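Examining the three-dimensional arrangement
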Amino acid sequence: MIDSHIHLDDRRFDADRSQLLVEARQTGITGFVVPATMVSGFAKIKALAHEHDDVFPAYGLHPYFVHQHQPNDLQILADFLQNNQAVALGECGLDFYRDDLDRNKQQVFFEQQLEMAKDMDLPLILHVNGAVQAVFELLKKHQYFNAVMHSFNGSAEQARQITETGVILGFGTAVVNPNARKLHQVIKSVALEHMVIETDAPDQPLYNNKNGRNLPVCLWQVAEFIAEQKDIAVTQLIQACDDNCRRVFAL
Ligand SMILES: [Zn+2]
């Protein structure tokens, strides 16, 4: 079972990363897609991927850190993608949830990365927070749909329109919350060939562990919960999500 989105490079894993990887592998987790958030983190992810065959790196400039990004970072990103193995460009996108994040600058950086991914024929890993429609409009503007929209939190109708273009939706620990009813409707409505699963660890800890870390092994709760919601065997869900991951990221 492949985790389509996990921040294994995060400092919060520095003390016990190897141990957590061993534990995750023992439960049957076979791959980890690790997206970057800013230029200063690229080298650490590259080193992790070098050290572990089951770590698949992606590089991008995350909208949450828009104030740290320098104009030249786009060139650094392009050079880095040209000279290093990467399964995707990401994560990038738009975050309209917080209003102290410059939206114009976010959009400039996102559109540049969108064009870069298109030029390089790389899939995008999209971070979309409070901006599902805005991101979808930009994908349509640039006519590029080779993408995974991670931690999807839009409506069932948006999910239908977006998956029709071929974009894959990522679902993580947020779905396990019994009160996330809108998300449960979305999960039920999205066909298996349009979804992947993720943890986003150490972010997005489970609803009953709000102050703790999200962990690689929590992918099992995500898989089991979604399979139950869709009334299918967990093995069938995992098979489909793994197939989608391998296809979109060329693993
Ligand atoms: Zn992320």
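The rules we used
- Residues numbered from 1 in each chain as written.
- Predicted model: local features only at pLDDT ≥ 70, side-chain atom pairs only at ≥ 80, totals over all residues.
- Heavy atoms only, no water.
- 1 Å grid on protein atoms, 1.4 Å probe; cavity = no way out; pocket = protein on both sides within 12 Å on 5 of 7 lines; lining within 4 Å.
- Points joined across faces, edges and corners; volume = space filled by probe spheres on them.
- Helix = DSSP H or I, 4+ residues; strand = E, 2+ residues; numbered from the N terminus.
- Nonpolar A, V, L, I, M, F, W, Y, C, P; charged D, E, K, R; others polar.
- Pairing = 2+ DSSP bridges.
- Donors = N, O, S within 2.8 Å, 3.2 Å for Na, K, Ca; no water.
- Tetrahedral: all angles 85-135°; square planar, octahedral: opposite > 155°, others 65-115°.
- Buried < 20%, exposed > 50% of the residue type's maximum accessible area, 1.4 Å probe, protein only.
- Contact = heavy atoms within 4.5 Å.

**Considering the layout of surface pockets**
Considered as a void within the structure, the largest pocket measures approximately 920 Å³ in volume. For the lining of the largest pocket, the elements supplying multiple residues, two or more each, are α2 (42–51), β4 (88–95) and β5 (124–129). In terms of residue count, β5 provides more of the lining of the largest pocket than any other element does, 3 residues in total. In the lining of the largest pocket, the residues fall into 11 nonpolar, 11 polar and 10 charged. Size it by volume and the second largest pocket reaches roughly 160 Å³. Taken together, the residues of the lining of the second largest pocket break down into 6 nonpolar, 3 polar and 1 charged.

**A few points about the sheet that holds strand β8 (residues 195–197)**
Ordered by their spatial adjacency, 8 strands build an open sheet running β1-β2-β3-β4-β5-β6-β7-β8, and the pairing between neighbours is parallel. The open sheet has two edge strands, β1 (2–3) and β8, and neither has a second partner. Taken together, the 2 bridges between strand β6 (residues 147–150) and strand β7 (residues 168–171) define a ladder with parallel strand orientation. Bridge pairing in β7 places Met 149 opposite Leu 169.

**A word on the coordination of the zinc ion**
Taken together, His 5 (NE2), His 7 (NE2), Glu 91 (OE) and Asp 200 (OD) make up the full set of protein donors to the zinc ion, lying 2.1 to 2.8 Å away. One can describe the site at the zinc ion as irregular: its 4 donor atoms subtend angles covering 82 to 170 degrees at the metal. In primary-sequence terms, the residues that donate to the zinc ion follow H-x1-H-x83-E-x108-D. With a gap of 109 residues between them, Glu 91 in strand β4 and Asp 200 in the loop between β8 and α8 (219–230) connect regions that are remote in the sequence. The same class applies to Glu 91 as to Asp 200, namely buried.

**Some details on the environment of Gln 221**
Relative to the helices and strands, Gln 221 resides in helix α8. Residue classification places Gln 221 among the partly exposed residues on the basis of a relative accessible area of 36%. Along the chain, Gln 221 and Thr 173 lie 48 residues apart, while their C-alpha atoms are 7.6 Å from each other. Sequence-distant contacts of Gln 221, that is, excluding residues within four places in its chain, are made with Val 176 and Leu 206.

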